[in-house]
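For reference, the chains in residue letters:
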Amino acid sequence: MTALRVDGERLLRRIMALAEVGAIDGGGVCRLALTDADKAGRDLVVSWMRELGLTVTVDRIGNVLGARAGAAALPPVIIGSHIDTVRTGGKYDGNYGVLAGLEVIERLAEAGVVTRHPVAVGFFTNEEGARFAPDMLGSAVHQGELALDLALATAGIDGPTVGAELTRIGYAGETPVGGAVRAAAFLELHVEQGPVLEREGQEIGAVTGVQGISWTELTLHGVSNHAGTTPMSMRTDAGYVAAEISCFVRRLTRELGGAQVATVGHQVFAPNLVNVIPNRVVMTLDLRNTDEQILQQAERQTFAFVEQIAASEGVRVEQRTLARFAPVAFSPEMVARVEAAARAQGRSVRRMPSGAGHDAQMFAPHCPTGMIFVPSAGGISHNVREYTAPAQLIAGANVLLEVVQEVAG
Ligand code: GLV
Ligand code: MN
Ligand code: MN
């Protein structure tokens, strides 16, 4: 009997079709969570789920699962990821994993394979966190890591709440959440979004875990005054304090070493004029590390510096945690399965941690969880230029198909 393989052309066609929804210049995609574009993307994927005859459920936080029955009344093996994107997203981040899951199920159905466990493919609300913080919001609620009420009340960067937007786009579902749906296992196939696999000439990454994430919003309150007449010694300049903080976190990463990363990705000045000292800056800090102790040290040092530099300028600081997730390790059994499946298909494979956040990290404490990476050209992601070659996408989907067959029985 020849081993089952995905229909690569069909997978690629679906990736390209979904990428047309919310397409932006340069070949990228903008489908910020719960916007009209996200709704259109959701509708398209749901239509494919229904064409396949899957049982589609939408839960109260808008997560969508399409399930194919198994031979036994057992919890499902869930293949999941997300279809929301950042504002400058590519075609593959998240979307690839969802559409590969759909392809795996379609292939199993075509081949007449009935698994013991049901197999479900899903997409989780607001994985990116680019519109609503925290990231992985839908999967966090799904796995009982975040309270539903709190998630629904979360306001986006443009004002409306998750709950209001879910209702507006018609995805405030009825299915209960909060750990109600237990999974037998969770699998996520994703582009690496970093340079490691390409640099080493490896085809598959067997993901060992996800690094810790710390997101903080700082609001710095200064005093506006005339840029020409106010002596330097008499300023309360929120913009200056923001700049010092940005430089400090970069210095800190050098001091703490290779695994520590830090990003100031959002900064808004008020009144934002050439000749007015800024009276307010809203900025974000994204700190990540695979080591929880070092991540905590990075937070302590950063927050101490924020206090000190703000005090020296007479600037008042408001600090708000947007997301905080400790590093997670995936089940050794699942890592070994991914590695073995890749080898069995003649693929080169290496174990590696994930630098990006993923829905899988919300499932990891609750069920055997694994992730498969494929290379990202130039290590580029969260950019319209994100690219993975078709053969690499198909290779990853075949590894997923193999692992799903093993785990679902
Ligand atoms: C979310 O996907 C992140 O890693 O920022
Ligand atoms: Mn992603
Ligand atoms: Mn992303």
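Structure first, text after, so check above.
Just so it is clear, the structure is predicted and the values come from calculations on it, not from any experiment.

Criteria and thresholds
Residues numbered from 1 in each chain as written. Chains lettered and ligands numbered in written order. Predicted model: local features only at pLDDT ≥ 70, side-chain atom pairs only at ≥ 80, totals over all residues. Heavy atoms only, no water. Core = buried A, V, L, I, M, F, W, Y, C linked by side-chain atoms within 4.5 Å. Buried < 20%, exposed > 50% of the residue type's maximum accessible area, 1.4 Å probe, protein only. Helix = DSSP H or I, 4+ residues; strand = E, 2+ residues; numbered from the N terminus. Domains from an automatic or database assignment. Contact = heavy atoms within 4.5 Å. Donors = N, O, S within 2.8 Å, 3.2 Å for Na, K, Ca; no water. Phe/Tyr/Trp six-rings, centres within 6.5 Å; stacked < 30°, edge-to-face > 60°. Lys NZ or Arg CZ within 6 Å of the ring centre and 35° of its normal.

Draft legend 1. Summary view of the nonpolar core. One finds V45, M49, I61, Y96, F330 and L400 to be the most contacted residues of the largest nonpolar core, which totals 92 residues. A total of nine residues in this core trace back to one element, the largest contributor, which is helix α12 (residues 390-408). When residues are assigned to domains, this core turns out to be shared by domain 1 (8-210 + 328-408) and domain 2 (212-325), each giving three or more. Aside from chain neighbours lying at most four places away, what touches V45 is L18, I83, V98, L99 and F123. Judged by nonpolar contacts, the second largest core, of 21 residues, contains A242, I245, M283 and L285.

Draft legend 2. Structural view of the coordination of the manganese ion (ligand 2). Coordination of the manganese ion (ligand 2) by the protein is provided by H82 (NE2), D93 (OD) and H190 (NE2), with metal-donor distances spanning 2.0 to 2.3 Å. Between the donor residues of the manganese ion (ligand 2), the gaps in sequence give the motif H-x10-D-x96-H. A separation of 3.7 Å is found between the manganese ion (ligand 2) and the manganese ion (ligand 3), both of which receive a donor from D93. Here the residue D93 occupies a position in the loop between β5 (77-81) and α3 (95-110), and H190 occupies one in strand β7 (residues 185-191), the gap between them amounting to 97 residues. What makes D93 buried here is its relative accessible area of 5%. Judged by its relative accessible area of 1%, H190 is buried.

Draft legend 3. Just the packing of aromatic side chains, in detail. Using the criterion set out here, one finds five aromatic pairs in the structure. Centre to centre, the rings of Y92 and Y387 are 6.4 Å apart; their planes meet at 80 degrees, and the pair counts as edge-to-face. Taken as a pair, Y92 in the loop between β5 and α3 and Y387 in the loop between β16 (369-374) and α12 lie far apart in primary sequence, 295 residues in all. Using a relative accessible area of 3% as the deciding quantity, one classes Y92 as buried. Geometrically, the ring pair formed by F124 and F363 is edge-to-face, given 5.5 Å between the ring centres and 65 degrees between the ring planes. One end of the pair, F124, is in the loop between β6 (119-123) and α4 (137-142); the other, F363, is in helix α11 (residues 360-363), and 239 residues separate them in sequence. In this structure an aromatic cluster arises from ring pairing among F124, F186 and F363. Across the ring face of W48, the terminal group of R14 is positioned such that the distance to the ring centre comes to 5.5 Å.

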